[in-house]
Amino acid sequence: MNDSVLKFYDEIAEDYHLIFVDWNQAISQQGEILDKVIQSKLTNSNTQNPSLLDCSCGIGTQAIGLAKYGYNVSATDISPVSVKRAEKEAISRGVNINFGVADFRSLDKDVPGLFDIVLSADNAIPHLLTDGDLNKAFQNMHTKLNQDGLLLATIRDYDALVKEKLTTTHPRVFDEGKRIVFQVWDWAEDGKTYTTNQFIVQEINGEWVTKHNRTEYRALLREDINKALSATGFTDIEWHLPVDSGYYQPIVTARKF
């Protein structure tokens, strides 16, 4: 992870909801799907009002959605600007979430307490560009879980993407053509990392305005994630693909025994 990650999320926090066709609908839909996956994996020891740490909460999409399902949610992110907005959005929606700023590579010292569930959604983990940082993040997530606790992460389907090496996403056109959202990907020569250029193009008061933000990702394959999870003490590793879960990204679950 480099400085581009913090800069990216600080700068895009105000406009992040614009990448969704309807952010409120996304909050509701993602909360519903993630709740179903979580409930299918919880044991009898942690089914009553489970505590959940969303350790890459962004502006609160999943944290708010799951709080509405009765989870006792704490939420952190590396971006203080994103956390500030998430806190405001949670208050406006009447949900109680304990927010803080933390890097998921240092949760052990930055976040008090233990949790039944640790969540990292929206492809946050692939910001970790080295095996050392990936293992450090998973070690910290493992440390924050109660015994028999559940880790849940959502990650782009890089197993498919690395075969095609796409350089752009399909433009999504919203608001009757007044808002266009797309990404341009610049791949490194080794094909293992890439820079995402995020574009949000809007017509505002008769003028077209383009906002551009960029950050780096690592194309982590499922076998890479499995290896890192196993190396940091997780077991019962299971992948839930979109065709089965209905979620927009593959979901991996793992357990701390």
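Coordinates for the structure precede this section.
These notes cover the structure that comes with them. Note that the coordinates shown come from a computational prediction; the quantities given were computed from them, not determined experimentally.

## Quick notes on the nonpolar core
The nonpolar side chains of soluble globular proteins are, as a tendency, buried together.
Thought 1: I38, I97, F104, I125, F138, M141 and I225 are the most contacted members of the largest nonpolar core, which totals 77 residues.
Thought 2: Top contributing element to this core by residue count: helix α2 (residues 23-41), with seven residues.
Thought 3: Residues in contact with F138, not counting those within four places in the same chain, are I125, L151, I225, A228, L229, T232 and F234.

## Structural notes on the packing of aromatic side chains
Thought 1: Throughout the structure, instances matching the rule amount to nine aromatic pairs.
Thought 2: On the basis of an interplanar angle of 25° and a centroid distance of 5.6 Å, the ring pair of Y194 and Y217 is categorised as stacked. Here the residue Y194 occupies a position in strand β8 (residues 193-204), and Y217 occupies one in strand β9 (residues 207-218), the gap between them amounting to 23 residues. Y217 shares its class with Y194; the two are buried.
Thought 3: Through a chain of ring-to-ring contacts, three or more aromatic side chains come together here, namely Y158, W185, W187, Y194 and Y217.
Thought 4: The ring of W187 carries the charged tip of K165 above its face, separated from the ring centre by 5.2 Å.
Thought 5: Note that R222 overlies the ring of W239, its terminal NZ or CZ placed 5.8 Å from the centroid.

## Structural notes on helix α1 (residues 3-12)
Thought 1: Of all the residues in α1, the buried ones are V5, F8, Y9 and I12. An end-on view of α1 places all buried positions within 85° of arc, on one side of the element.
Thought 2: Buried-residue contacts for α1 involve α4 (80-92), β8 and β9.

## Brief notes about unusual backbone geometry
Thought 1: Of note, N205 is a non-glycine position whose phi angle comes to about 55°, a positive value.
Thought 2: Among the structural elements, N205 can be located in the loop between β8 and β9.
Thought 3: The backbone of D236 sits at a positive phi, close to 50°, despite the residue not being glycine.

## Topic: the layout of surface pockets
A water-sized probe rolled over the atoms picks out the places where empty space is left.
Thought 1: Within this model, the largest pocket holds a volume of roughly 990 Å³.
Thought 2: Surrounding the largest pocket, 37 residues form its lining, R156, R172, Q183, Y248 and Q249 being those nearest its centre.
Thought 3: Where the lining of the largest pocket is concerned, the elements lending two or more residues are α1, α2, α7 (158-164), β6 (172-174), β7 (179-187) and β8.
Thought 4: When the residues that make up the lining of the largest pocket are grouped by side-chain class, the tally is 19 nonpolar, twelve polar and six charged.

Scoring rules and cut-offs
Numbering of residues begins from 1 in every chain and follows the order in which that chain's sequence is written. Under the rules for a predicted model, residues below a pLDDT of 70 receive no local features and side-chain atom pairs below 80 are neither given nor counted, while totals for whole chains, interfaces and linings still include all residues. Values reported for side chains reflect all heavy atoms of the structure, with hydrogen atoms and water molecules removed beforehand. What we call a nonpolar core is a set of buried Ala, Val, Leu, Ile, Met, Phe, Trp, Tyr and Cys residues that are connected through their side-chain atoms within 4.5 Å. When accessible area is computed with a 1.4 Å probe and restricted to protein chains, residues below 20% of their type maximum are described as buried, those above 50% as exposed, and intermediate ones as partly exposed. To qualify as a helix, a DSSP run of H or I must reach at least 4 residues; to qualify as a strand, a run of E must reach at least 2; elements of each kind are numbered from the N terminus. Any two residues having at least one pair of non-hydrogen atoms within 4.5 Å are treated as being in contact. Stacked, tilted and edge-to-face are the three classes assigned to paired rings of Phe, Tyr and Trp, where Trp is represented by its six-membered ring and a pair needs centres within 6.5 Å; plane angles under 30 degrees give stacked, over 60 edge-to-face, the rest tilted. The criterion is that NZ of a Lys, or CZ of an Arg, lies within 6 Å of the ring centre and within 35 degrees of the ring normal, and then a charge sits over that ring. Directions are taken from the helix axis to each C-beta atom, and the arc is the one they span. Buried and open spaces are told apart on a 1 Å grid over the protein atoms alone, a cavity being a set of points where a 1.4 Å probe fits but cannot get out and a pocket being an open set with protein on both sides within 12 Å along at least five of seven lines. Residues with an atom within 4 Å of a point are the lining residues. Grid points are joined across faces, edges and corners, and a volume is the space filled by probe spheres set on the points. Note that Gly is not counted as nonpolar here; it falls among the polar residues with everything else outside the nonpolar set of Ala, Val, Leu, Ile, Met, Phe, Trp, Tyr, Cys and Pro and the charged set of Asp, Glu, Lys and Arg.

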